[in-house]
Amino acid sequence: ATLINHGIASHILDDAFDASKRFFSQSLDEKMKRPFQGHASNRGYIPMGSETHEDSEGSSTSTSSPDKKETFDIGNDDEPGYTNDWPSDDFCNTMVTYFDQLDALHLRIMKHLAIALQMDDE
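Model, not experiment: these values are computed from the prediction. (Residues numbered from 1 in each chain as written. Predicted model: local features only at pLDDT ≥ 70, side-chain atom pairs only at ≥ 80, totals over all residues. Heavy atoms only, no water.)

S.K.: How should helix α3 (residues 89–116) be read in this particular structure?
M.R.: Count 3.6 residues to each turn of an α-helix, and residues three or four apart come out pointing the same way. With 28 residues, α3 extends 40 Å between its outermost C-alpha atoms, agreeing within 8% with the 40 Å of an ideal straight helix rising 1.5 Å per residue. The set of residues buried in α3 consists of Phe91, Cys92, Thr94, Met95, Leu105 and Ala114. Against α1 (10–24) and β2 (71–73) lie the buried residues of α3. (Helix = DSSP H or I, 4+ residues; strand = E, 2+ residues; numbered from the N terminus. Expected span 1.5 Å × (residues − 1). Buried < 20%, exposed > 50% of the residue type's maximum accessible area, 1.4 Å probe, protein only. Contact = heavy atoms within 4.5 Å.)

S.K.: Teacher, can you tell me more about the pattern of salt bridges here?
M.R.: Here the idea is simple: oppositely charged side chains can pair when their charged atoms come close. As enumerated under the stated definition, the model contains 7 salt bridges in all. As a salt-bridge pair, Glu30 and Lys33 come within 3.0 Å of each other at their nearest N and O atoms. The closest approach of N and O atoms between Arg43 and Glu79, which form a salt bridge, is 3.2 Å. Within this pair, whereas Arg43 is found in the loop between α2 (28–31) and β1 (44–46), its partner Glu79 is found in the loop between β2 and α3, the two being separated by 36 residues in sequence. (Salt bridge = Lys/Arg side-chain N within 4 Å of Asp/Glu carboxyl O.)

S.K.: Help me understand the nonpolar core, please; the structure alone is not making it clear to me.
M.R.: Soluble globular proteins: nonpolar side chains tend toward being buried together. In this structure, Ala16, Ala19, Phe23, Tyr45, Phe72, Trp86, Phe91, Cys92 and Met95 together form the largest nonpolar core, which totals 9 residues. Once residues within four sequence positions are removed from consideration, Trp86 is found in contact with Arg34, Phe72, Ile74, Asp77, Phe91, Cys92, Met95 and Val96. (Core = buried A, V, L, I, M, F, W, Y, C linked by side-chain atoms within 4.5 Å.)

S.K.: Hey, could you run me through a nonpolar patch on the surface in this one?
M.R.: A cluster of nonpolar side chains, contributed by Leu3, Ile109, Met110, Leu113, Leu117 and Met119, occupies part of the molecular surface with about 600 Å² of accessible area. Along the chain, Met110 falls in helix α3. (Patch = residues over 30% accessible without salt bridge, like charges linked within 9 Å, V, L, I, M, F, W, Y side chains within 5 Å. Areas by Shrake-Rupley, 256 points an atom, 1.4 Å probe, with all protein chains shown as cover.)

S.K.: So what exactly am I meant to see when it comes to unusual backbone geometry here?
M.R.: What is expected of a backbone is that most residues other than glycine have negative phi and most peptide bonds are trans. Of note in this structure, Asn42 is not a glycine but carries a positive phi near 55 degrees. One can find Asn42 in the loop between α2 and β1. A relative accessible area of 38% means that Asn42 is categorised as partly exposed. Even without a glycine there, the phi angle at Gln118 is positive, about 55 degrees. Relative to the assigned elements, Gln118 resides in the segment after α3.

Here it is, written out as structure tokens:
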């Protein structure tokens with residue numbers, strides 16, 4: 001499915017994807033300078049093959065193969081106790097703009113879903 005008319009300017013999306021391409025095109029050694037900080041913070045770089053899917057009880061299944069993706073997780077910079085380890089100021093500014101836009105979008109979507117389900121929209 002594709003979400004259209006979401007209100008996020010195309011240059012914000014383009015900038016975020018360009019910044020991501022630049023980050024992920026770096027050597028593994030360079031990306032590993034910002035390692036995953038753990039599940040509590042959900043921030044940092046996770047190399048390809050480092051994660052597997054979990055079953056419904058939350059335990060890793062022995063039959064699942066490692067993910068074929070790499071990830072750079074970020075979170076809200078205002079969250080107490082957790083910080084993002086940005087590879088550059090440019091990457092930070094681009095991703096914070098993107099993150100803030102998507103955060104606002106998800107709140108609008110949730111509000112409309114609540115209205116559609118006849119729930120409190122707050």
